[in-house]
Amino acid sequence: ARSTMASRVPAAAPLMGVLAACLLLTLMSSAPAGANAERSAPFNGAVHSDSGGNATADDGMTETPFSDAEWTDVTLTPKFVTRKSWQTPQYAVADDHYVRLRGWLITTAQVPAGELVFQLPQAAWPLRRETWKVTMKGTDRVLVIGTDGAAKLTDELRADTWMPLAGFAFNAHSAAGAAGAAAATGAAAVG
């Protein structure tokens, strides 16, 4: 009987290793990690990129000109909305010429190509035509902002298709004047 028992122990060893690994993973998943470990306030239920306000803690990834930026909501046209738990679509202008967008939007119906999504104010109009392409779940979403500040779709989108704006940034038309003024100031300082 003893030799039979000894022959079964090596076969049980791999199973014990798997059980130990499962126990370790279970213990690790119940402990807070990453950003959640340092969260001082309870989660507000917001998903995606809701910052909970204009104040943004320095996370080492935020561009410096936008850490104190004043964000302004964009007015979406009727076929587009944002969800309660999503970051509202917004824009900010830093240093009087660098525009950045953030937030999420979703279509409420099928929307044809060329449909106006929102209109930026003149201070945020791009220096040239700017294109934002996002591919999510196998579907391309392309938004173009013309030099008149009109943000339009380039392709038709089905109802309930959502699109993030976070990361879309460009120079405003005023950047040409800012660059010229900076060059003139530099030349005057040298001369």
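Located above this text is the structure these notes cover.
A short tour of the structure in this document, coming up. Everything numeric in this text was worked out from a predicted model, so none of it was measured. (Residues numbered from 1 in each chain as written. Predicted model: local features only at pLDDT ≥ 70, side-chain atom pairs only at ≥ 80, totals over all residues. Heavy atoms only, no water.)

## Remarks on the packing of aromatic side chains
Now for step 1: Counted by the stated rule, this structure contains five aromatic pairs.
Now for step 2: Between Trp-132 and Phe-168, the ring centres sit 5.1 Å apart and the planes meet at 10°, which makes this aromatic pair stacked. With Trp-132 in strand 7 (residues 130-136) and Phe-168 in the loop between strand 10 (162-164) and strand 11 (169-171), this pair connects stretches of sequence that are 36 residues apart.
Now for step 3: In textbook terms, an aromatic cluster arises when at least three aromatic residues are bridged by ring pairs, as seen for Trp-86, Trp-104 and Trp-162. (Phe/Tyr/Trp six-rings, centres within 6.5 Å; stacked < 30°, edge-to-face > 60°. Helix = DSSP H or I, 4+ residues; strand = E, 2+ residues; numbered from the N terminus.)

## Details of the pairing of strand 8 (residues 139-145)
Two faces make up the sheet, and in a regular strand the side chains alternate between them.
Now for step 1: Judged by how many residues are buried, strand 8 sits mostly within the fold: five of seven residues are covered.
Now for step 2: Relative to strand 8, strand 7 runs antiparallel, the two sharing seven bridges. What sits directly across from Trp-132, in strand 8, is Leu-143.
Now for step 3: By the bridge criterion, three bridges tie strand 8 to strand 9 (residues 150-153) in an arrangement that is antiparallel. Residue Leu-143 lies in a different strand from strand 9, and its bridge partner there is Leu-153.
Now for step 4: Linking strand 8 to strand 9, which pair antiparallel, is a turn of four residues; within it Gly-149 sits at a positive phi near 80°. (Buried < 20%, exposed > 50% of the residue type's maximum accessible area, 1.4 Å probe, protein only. Pairing = 2+ DSSP bridges.)

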